Structures are given as C-alpha cells and as structure tokens.
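Coordinates in review
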Amino acid sequence: MEKYQALGLVGEGSYGVVTKCRNKDSGQIVAVKKFLESEDDAMVKKMALREIKLLKQLRHENLVNLLEVCKKKKRWYLVFEFVDHTVLDDLEAFPNGLDYSRVRKYLFQIIRGIAFCHSHNIIHRDIKPENILVSQSGVVKLCDFGFARTLEASGEAYTDYVATRWYRAPELLVGDIKYGKAVDVWAIGCLVTEMLTGEPLFPGDSDIDQLYHITKCLGNLIPRHKELFYKNPLFAGVRLPEVKDIEPLDRRYPKLSAAVLDLAKKCLQIDPGKRPSCVELLQCDFFNKDGFAERFAQELKLKIQKDARDNQLQKKSKISKKDKDDCSGEERKMLAIQDFNIDPKSRDAKLFKVKCPKADAEKAERSSNLSSLYGSAINPFKIGPQTSLKDSSSSLDYAKNAGIVIPPIIQNLSATTASMRMNAGMGPVPGNHNYRFLMKKQSFRQIRKNGNSPRQMCVCQN
Ligand code: ADP
Ligand code: MG
C-alpha cells in the first residue's frame, strides 16, 4: 500500500473507512476501503472476503471497479476506481428531490447494475443512496458489496435479515429466511420516490415502525409474512398493525407522474413473488414512453468514454497543481506521512486528526464538482444543525417494542396518534409537518448513522 498517498477521508461505514488516495507512480486517483477492526473480527473478515470475491466476478460499467486487493497487518484494503460522489450527496444538496430527468438517468443505470448482478445470481441486499456512486459525467456505479451474496439453489435458507432498515423489504423485516432478488427490487421502489421528493419513503425508526410505515401505505402483509411475524421470538408480544384505511402512493405523492407511480408500485408489491425482475423494470413506461431508454443508452456510452479519457488524463498529469493547492501547508505535511506502510494506529490517529479539515475539503471539492453538474448558485453541502438521534440497536428496538400494541391505522392521523407514536418511541408521523421539520433539521446521513444504523442489527451468517 506504500504506493498510495492519502488525500482525505471520503466515507465511513460501519465496517470500513474509505480514503481518497493517489497512486504515487501512475497519478491515478483511487478510493481505498480499509476494513475496520471490530469486536467481531471474523465477521469483518467474512464481509471483506465476500466483497472481494463478488467484485472480482462482477465487472460492469454500472458497478464500481475493484482495482486491487491488499492485506497488511491482518487488515484488508480494497482499492477501487475513485468515483465523484454518491446519490446521498445529491439528496443532501437538493433536499426537495432531484429533477425528473436526472432521476430517470440514475435509475436506469441503477437497475442495469442490479440486473447484471441478478443475471449472475447475486443479490446486493444493501441498495441505498450512500451505496450508489455517481461519476462527474453522471455514470452510476453501485458499490458496497459487503452484504451481497450468491443465491443458492432454490429452497436454501439465507441470513434472516440484512439491508438498511428504510429500504428493507417486508420479507426481511419479518425474518423470512427464504428471500431473493425481489429484496433489491423493493429497495429500488423506495429509491424512486426518495430521489424525486427528497423524502425517504418509509423512514422507520425501529423494525416494527418500519412495518407500520409499509402497511400504512401498501396495505396488510401477506399471510405467510404475518405468520412469520407472529412466530418470530423477536416480536413476542407485539401485534402487527392492521390497516383499515391506507394512504396509497398516489395520494401521498399526487404530483408524481403516472409512469413513476407505476414503476414504484410494481417494485413495492408487498408480495415478493409479484415484484417484477429488473429486466422487466427496464421495459416500464418510465424508461420507454418517449424513447428515453434507446436515446440514453447512446448518451451513456459517451459518458463512459469520457470518464475513461478523464481517468487517463488524470494518470498523465500526475501531481497537478490543483491537488497541491487542495490543502494547506500544515495539512500537506500531515498527509504526506499517511502512507499505508506506517503503523496503522498512528496512521489512523493522523488520518483522523486531519479528517475534519480534509473531509471538509473533500466535500468542498465534491461540491464544486456537483456545482459544475447542477449550476453554481447553490451550496450543496450546506446542511442544517445536526442533532444526534437516539441509538436504536436491534435488541433495544425489540425490547422497547415488546408488549406494545400498535394502534390501528386511521386515515387522518390525529395529534393524539402522533404523540402516542412519539411516546412509544416510534418516531414522528410521515407527512406530518413536525416530521418534515425534524428530518430537515438533520442531515439524512446523520439520521442514518445515529438512528438507523442497520449494521448494528445485522445477523450476518451467510
Ligand atoms: P461501508 O461498507 O463501510 O458502507 P462503502 O463501500 O459503502 O463501505 O463505502 C463507504 C462510503 O465511502 C460510501 O458511502 C461512499 O461515500 C464512499 N465510497 C465508497 N467507494 C467509493 C469510491 N470508489 N469512490 C468514491 N467514494 C467511495
Ligand atoms: Mg456503504
């Protein structure tokens, strides 16, 4: 890893830290993912090895490109092509949602990437805005295959649930151990409306609250899922919300076009067996009604070529003046000693010491790149004050919810229902003004980190 010079932190997940680096020999800018030490080292190792194995098999223009794998002092380092920003960055820049044309282009590529994985019998299992990278020219690349896995022959059981709660399909929430590609299709459904409105579709703050959000919008669970719910010891004493009057997608989002709602509804079939495949999704009106798919396929080719050219140029102009100017003299001195051959502890200490200014510099850099994509009038990284939400690990959630009877769902949630939900630790009501206010006050990233860290909840055995 000596050949990489660290330039700054770009991402922190629950299991890894991603640093932007420059290859000192070629000048290529890369993203190095280092798997963190954890209490459960065997699990981190398993995730790293899984990501390596799958990414080596999966080469596609809409999937992140793994360049190299290194192991140093028992730690795994994955070296990826560096990709400009994530869909989460876009959503933070545009809290009211992204424009239709951009969403269509992103979604087309997201589904293409997932379709490719599915065609190799691999499910991603953690599709969400922070795992979707976007290059400067707008090429989408799915990343984070730490939870991805190969489908077994039919009938095999999988880990009972995975994936970030907000994007988690009902079958995962109730603990079904027979699930498949349809879990990724569900996540696509959640993404569509979130990208267009800026509002997460089902922002549950516990697993039972997640089911509440889902059933409120889509109706009751299928009998198999109800049965699994009541058999699941984690839900002992908890009653499933019975829906009397739902608030369907069309009513919740009257401004969304028929083609969008059609796509979202197809993905969000409560019965996984009824969800279409990704190939079928690409045939939807949303992508085809005005010849978009054909037109965009050509445009995408050019974008990919442009990215490849830029990458080559970047390698040629090894150490550009711009990069040198990116940080102050003091930071430069510190960064210069962040090579990966230094004792990890001291390197980490240094990396985190410069993390704040460098992370800001990174954000500013990404921001300028975003500005060039969207126009310069806005500051995409201006975010509101960040209040920390309660930590809700799985066991706490369940303990917290044990014995709670979920109030029946009525069409107009009254203030009383809202306060009941708050008192029961279920979080505010979607659509409620306070809810929007609370959500906007915090960066989604922060909410995801503090209140919805799915990985704390993950049982990762397979
Ligand atoms: P984790 O498993 O810890 O979530 P990810 O692979 O999702 O790890 O990476 C964490 C974050 O790092 C991503 O959300 C993204 O912001 C950033 N990141 C990951 N890969 C790249 C890349 N190739 N280029 C640029 N940024 C990346
Ligand atoms: Mg991730």
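Residues numbered from 1 in each chain as written. Chains lettered and ligands numbered in written order. Predicted model: local features only at pLDDT ≥ 70, side-chain atom pairs only at ≥ 80, totals over all residues. Heavy atoms only, no water.

Its 16 residues place the ends of helix α5 (residues 182-197) 23 Å apart at the C-alpha level, agreeing with the 22 Å of an ideal helix rising 1.5 Å per residue. Buried residues dominate α5, accounting for 16 of its 16 residues. The first or second residue beyond α5 is Gly 198, which carries a positive phi of 80 degrees. (Helix = DSSP H or I, 4+ residues; strand = E, 2+ residues; numbered from the N terminus. Expected span 1.5 Å × (residues − 1). Buried < 20%, exposed > 50% of the residue type's maximum accessible area, 1.4 Å probe, protein only.)

What follows deals with the sheet that holds strand β8 (residues 132-134). Read across the open sheet, the three strands follow the order β6-β8-β9; overall the sheet is antiparallel. Lying at the two open borders of the sheet, with one neighbouring strand each, are β6 (85-86) and β9 (140-142). Across the face of the sheet, helix α3 (residues 100-119) comes into contact with β6, β8 and β9 while running at roughly 35 degrees to β9. (Pairing = 2+ DSSP bridges. Contact = heavy atoms within 4.5 Å. Axes fitted to C-alpha atoms, helices over the stretch in contact; angles between N-to-C directions.)

Distances from the magnesium ion (ligand 2) to its protein donors, Asn 131 (OD1) and Asp 144 (OD), fall at 2.2 Å. With a gap of 13 residues between them, Asn 131 in the loop between β7 (122-123) and β8 and Asp 144 in the loop between β9 and β10 (149-150) connect regions that are remote in the sequence. (Donors = N, O, S within 2.8 Å, 3.2 Å for Na, K, Ca; no water.)

For any two helices packed against each other, one specifies the inter-axial angle together with the distance between the axes. Following both chains from N to C, one finds α5 and helix α9 (residues 258-267) inclined at 150 degrees, their axes separated by 7 Å at the closest point. As judged from the angle between their axes, α5 and α9 are roughly antiparallel. When the axes of α5 and α9 are compared, the crossing they make is left-handed. The residues of α9 that touch α5, namely those facing Val 185, Trp 186, Ile 188, Gly 189, Val 192, Thr 193 and Leu 196, are Val 260, Leu 263, Ala 264 and Cys 267. (Parallel < 35°, antiparallel > 145°, perpendicular 65-115°, else oblique. Left-handed = near helix turned anticlockwise from the far one by under 90°.)

It is worth spelling out the environment of Ala 93 at this point. Mapping Ala 93 onto the fold places it in helix α2 (residues 87-93). Relative accessible area serves as the criterion here: at 10%, Ala 93 is assigned to the buried category. A sequence separation of 105 residues divides Ala 93 from Gly 198, and the C-alpha atoms of the two residues are 9.8 Å apart.

For the rest of this paragraph, the subject is helix α1 (residues 41-57). Here α1 is 17 residues long and its end C-alpha atoms lie 25 Å apart, about the 24 Å a rise of 1.5 Å per residue gives. Residues of α1 that are buried: Met 43, Val 44, Met 47, Ala 48, Arg 50, Glu 51, Ile 52, Leu 54 and Leu 55. Against the buried residues of α1 lie β3 (29-35), β4 (66-72), β5 (75-81), β7 and β10.

Our next topic: the packing of α3 against helix α12 (residues 292-316). Where α3 meets α12, the axes come as close as 11 Å, and the angle between the chain directions of the two elements is 80 degrees. As the angle between them shows, α3 and α12 are arranged roughly perpendicular. Judged by residue contacts, Arg 104, Lys 105, Phe 108, Gln 109 and Arg 112 of α3 engage Phe 292, Ala 293, Arg 295, Phe 296, Glu 299 and Leu 300 from α12.

In the vicinity of ligand 1 there are 20 residues, among which Gly 13, Lys 33, Glu 81, Glu 130 and Asp 144 approach most closely. One nitrogen or oxygen atom from the main chain of Glu 81 is found 2.8 Å from a nitrogen atom belonging to ligand 1. Note that an oxygen atom of ligand 1 is positioned 2.7 Å from one of the backbone N or O atoms of Glu 130. The protein chains hide 95% of the 540 Å² of surface that ligand 1 would expose on its own. Among the secondary structure elements, those contributing two or more residues to the shell around ligand 1 are β1 (4-12), β2 (16-23), β3 and β5. Within the shell around ligand 1, the residues separate by chemical class into eight nonpolar, six polar and six charged. (Near = heavy atom within 4 Å. Polar contact = N/O pair within 3.5 Å; in protein donor to acceptor, adjacent residues only side chain to side chain. Areas by Shrake-Rupley, 256 points an atom, 1.4 Å probe, with all protein chains shown as cover. Nonpolar A, V, L, I, M, F, W, Y, C, P; charged D, E, K, R; others polar.)

Another aspect to go through is the packing of aromatic side chains. With the rule as written, the count across this model stands at ten aromatic pairs. Their ring planes at 10 degrees and their centres at 5.2 Å tell us that Phe 292 and Phe 296 sit as a pair that is stacked. Taken together, the residues Phe 292 and Phe 296, both in helix α12 and four residues apart, mark about one turn of the helix. Each member of the pair, Phe 292 together with Phe 296, is buried. Here a set of aromatic residues connected by ring pairs shows up, and it is made of Tyr 100, Phe 108, Phe 286, Phe 287, Phe 292 and Phe 296. (Phe/Tyr/Trp six-rings, centres within 6.5 Å; stacked < 30°, edge-to-face > 60°.)

What is shown is where atoms sit, not what they do.
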